[in-house]
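Residues per chain, in single letters:
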Amino acid sequence: MNKPGIVIARAVFPQVIERLAQHFEVLSNQDDNLWSPAELAAKSQGRVGLFCTASERVDAALLQACPTLRICANMAVGYNNFDLDAMTACGVLATNAPGVLTETTADFGFALLMATARRVCESEHFLRAGHWTSWRYDLFAGTDIHGSTLGILGMGRIGQGIARRGAHGFGMRVIYHNRSRLDQATEAACGASYVDKNELLAMADHLVLVLPYSAQSHHSIGTAELARMKPTATLINIARGGIVDDAALALALQQGRLAGAGLDVFEGEPAVHPGLLGASRVVLTPHIASASVPTRLAMADLAADNLIGFLVRGEALTALNPRAVATGSAPG
Ligand code: DGY
């Protein structure tokens, strides 16, 4: 009997493709061509599963064009590329990759925070450009991390990982704001105290953004929020582009209303606002917070396990809309 077909929308570890090929007829994209929505729909024709990343949009148009699809497995914890309502309405299961990237992403949040506060990248560029002629008392003098106040907006698993590193590793005072307050035991383990958003903005020496992107969190940090922050503060975004109004941030940096920013994600990425590209006290990285080899492999393995679990055994590991398969109309 022919195996069911799946499509892998982006390049991925060959061993993950081999594992999937034991169960499915696999169409992969190891050349990593960036497929347009029309190309993604064409490649997904007649297939039951889609292995995708946060770069592929799964919406009503795709699902209507590909009525055989039963599951879309995201190799990402964030799933703002999914129209979950449309997927549920079409009976298509959505899965993401939570848990496996928590510590790696929290490590990177700290790397970006330290690089920004201590001006690691701009000083390195200065040295490589041959501008270093002598020691100077204020040469690339930045802000301290130890003993400062770390603010965290969004206190899920990754936010908690950052809090633990700040409180227990660097002796920081940690404050956070989240849609819902953590229980006391978790707050104590993280060494973190809950404050309202305005207090967070006003008190943080370093503010790290780790909240999921949605219509509600769009431009959570814009002109008004930046104006509440200390001019000596740094802002770190490892969440999603669109959470920060990048134009407002570029202007605040240009006007010296903020000391620096460390950004791994951008509105409309891979395009980056020219005002950020031109700013000096900014560290810019290409959406790599979860990019350690073991973690990226674990994310890919989890997406593959979701496809195999659901399509072979009828049960996914990390379903976002488990009721979709009970209520949906997709063919079984
Ligand atoms: C995630 O897992 O959401 C990362 O940002 C990679 O897209």
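Refer to the structure printed above.
Residues numbered from 1 in each chain as written. Predicted model: local features only at pLDDT ≥ 70, side-chain atom pairs only at ≥ 80, totals over all residues. Heavy atoms only, no water.

With that settled, consider the pattern of salt bridges. Counted by the stated rule, this structure contains 13 salt bridges. Here Arg281 ties to Glu122 by a salt bridge, and the two come within 4.0 Å at their closest N and O atoms. Of this pair, Arg281 sits in the loop between α12 (274–277) and β12 (282–284) while Glu122 sits in helix α6 (residues 120–128), and the two are 159 residues apart along the sequence. Since its relative accessible area comes to 17%, Glu122 is described here as buried. A salt bridge links Glu124 to Arg128; the nearest nitrogen and oxygen atoms lie 2.8 Å apart. Taken together, the residues Glu124 and Arg128, both in helix α6 and four residues apart, mark about one turn of the helix. Judged by relative accessible area, Glu124 falls into the partly exposed class, the value being 34%. We classify Arg128 as exposed; its relative accessible area is 64%. Three or more residues are tied together by salt bridges with common partners; here these are Glu103, Asp107, Arg164 and Arg165. (Salt bridge = Lys/Arg side-chain N within 4 Å of Asp/Glu carboxyl O. Helix = DSSP H or I, 4+ residues; strand = E, 2+ residues; numbered from the N terminus. Buried < 20%, exposed > 50% of the residue type's maximum accessible area, 1.4 Å probe, protein only.)

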